[in-house]
Every structure is written in structure tokens, then in C-alpha cells.
Amino acid sequence: QVQLVESGGALVQPGGSLRLSCAASKSIFSFIAMSWHRQAPGKQREFVAAITRGGTTNYADSGKGRFTISRDNAKNTVYLQMNSLKPEDTAVYYCKGVIISTAPYDYWGQGTQVTVSS
């Protein structure tokens, strides 16, 4: 059973920084890609950032220049460094990993709350 466990969410003031972690129960190279998504109250879940097995990264416009996705292969962990946080970044942040066997399958973590408020 593949598990993804997020951590690092917190209450932070506008302009502050946070680093979210997503620890996988197996090698992150098992995943064709890993990504971060977020869901604010009353809104649909949206894409934030992704990193492929090959290391290519991609970001939503909302996070470009402020967010950085990275990974530590030895720790089977993917990170999301978030700087210059804004109140509109408030959401539950989810980690997703995609494994392809006979077909693509998405694995999701349970989420971690990020609140940006003064």
C-alpha cells in the first residue's frame, strides 16, 4: 500500500514562508510524477506544482517566482517551499503521486492546512 504523508502546514503571516513535506512510503522514483495541489474552502482543488521522475518542474501561475518544488531521493520526500505567502494561499495542501502500472493511478495524501493571516 502506497502512502503519502504531508506535514509542515501552519499559520503564517502574510509575506512569510513555509516548507511543506510529502513523505512517501516507497521510493519516489516509483512515481512518474509527484505534485502539490491545494483546496481552499468552497473552491475546487487546484494544481500548484509538479516534479517529474526526470526532475522537470512545472508551476501554476499563482506560485511562479514564489514556490519551489524539490525532492530528496534518499528520504523519499518531496518538498514545497513557499515564500512571500499571501492570504489567498490559504488552503489545505495535498501531495499526489502518480504510478503507472497497467494504467496511471493517483495516490493522495491526507493534506496539511496552510493559513496565511495577520
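The model shown is predicted, which means the values in this text are computed figures rather than measured ones.

A.B. asks: Outline unusual backbone geometry, supporting the account with residue identities and numerical values.
C.D. replies: In the Ramachandran plot, Asn-76 falls in the positive-phi region, its phi being about 50 degrees despite a non-glycine side chain. Even without a glycine there, the phi angle at Ser-84 is positive, about 50 degrees. Relative to the helices and strands, Ser-84 is located in the loop between strand E8 (77-82) and strand E9 (91-100). Given a relative accessible area of 41%, Ser-84 falls into the partly exposed group.

A.B. asks: Tell me about the pattern of salt bridges, and name the residues and values.
C.D. replies: Inspection of every chain in the model, using the stated rule, returns 5 salt bridges. Ionic pairing is found between Arg-38 and Glu-46, a salt bridge with its closest N-O pair at 2.6 Å. Assessed through its relative accessible area of 37%, Glu-46 is described here as partly exposed. Across the pair Asp-106 and Lys-96 runs a salt bridge whose closest N-O atoms are separated by 3.8 Å. Separated by 10 residues along the polypeptide, Asp-106 in strand E10 (residues 104-108) and Lys-96 in strand E9 bring together distant segments of the chain. Salt bridges linked by common partners bring Arg-38, Glu-46, Arg-66 and Asp-89 together as one network.

A.B. asks: I'd like a rundown of empty space enclosed by the protein, residues and numbers included.
C.D. replies: For the structure on display, the rule yields 1 cavity of 30 Å³ or more. When its volume is computed, the largest cavity comes out at roughly 40 Å³. Considering the residues around the largest cavity, the lining is formed by Ile-28, Phe-31, Ala-33, Met-34, Ile-51, Thr-52, Arg-53, Arg-71 and Val-78. Listed by contribution, the elements that provide at least two residues to the lining of the largest cavity are strand E4 (33-39) and strand E5 (46-52). When its residues are assigned to classes, the lining of the largest cavity shows 6 nonpolar, 1 polar and 2 charged.

Cut-offs and rules
Residues numbered from 1 in each chain as written. Predicted model: local features only at pLDDT ≥ 70, side-chain atom pairs only at ≥ 80, totals over all residues. Heavy atoms only, no water. Helix = DSSP H or I, 4+ residues; strand = E, 2+ residues; numbered from the N terminus. Buried < 20%, exposed > 50% of the residue type's maximum accessible area, 1.4 Å probe, protein only. Salt bridge = Lys/Arg side-chain N within 4 Å of Asp/Glu carboxyl O. 1 Å grid on protein atoms, 1.4 Å probe; cavity = no way out; pocket = protein on both sides within 12 Å on 5 of 7 lines; lining within 4 Å. Points joined across faces, edges and corners; volume = space filled by probe spheres on them. Nonpolar A, V, L, I, M, F, W, Y, C, P; charged D, E, K, R; others polar.

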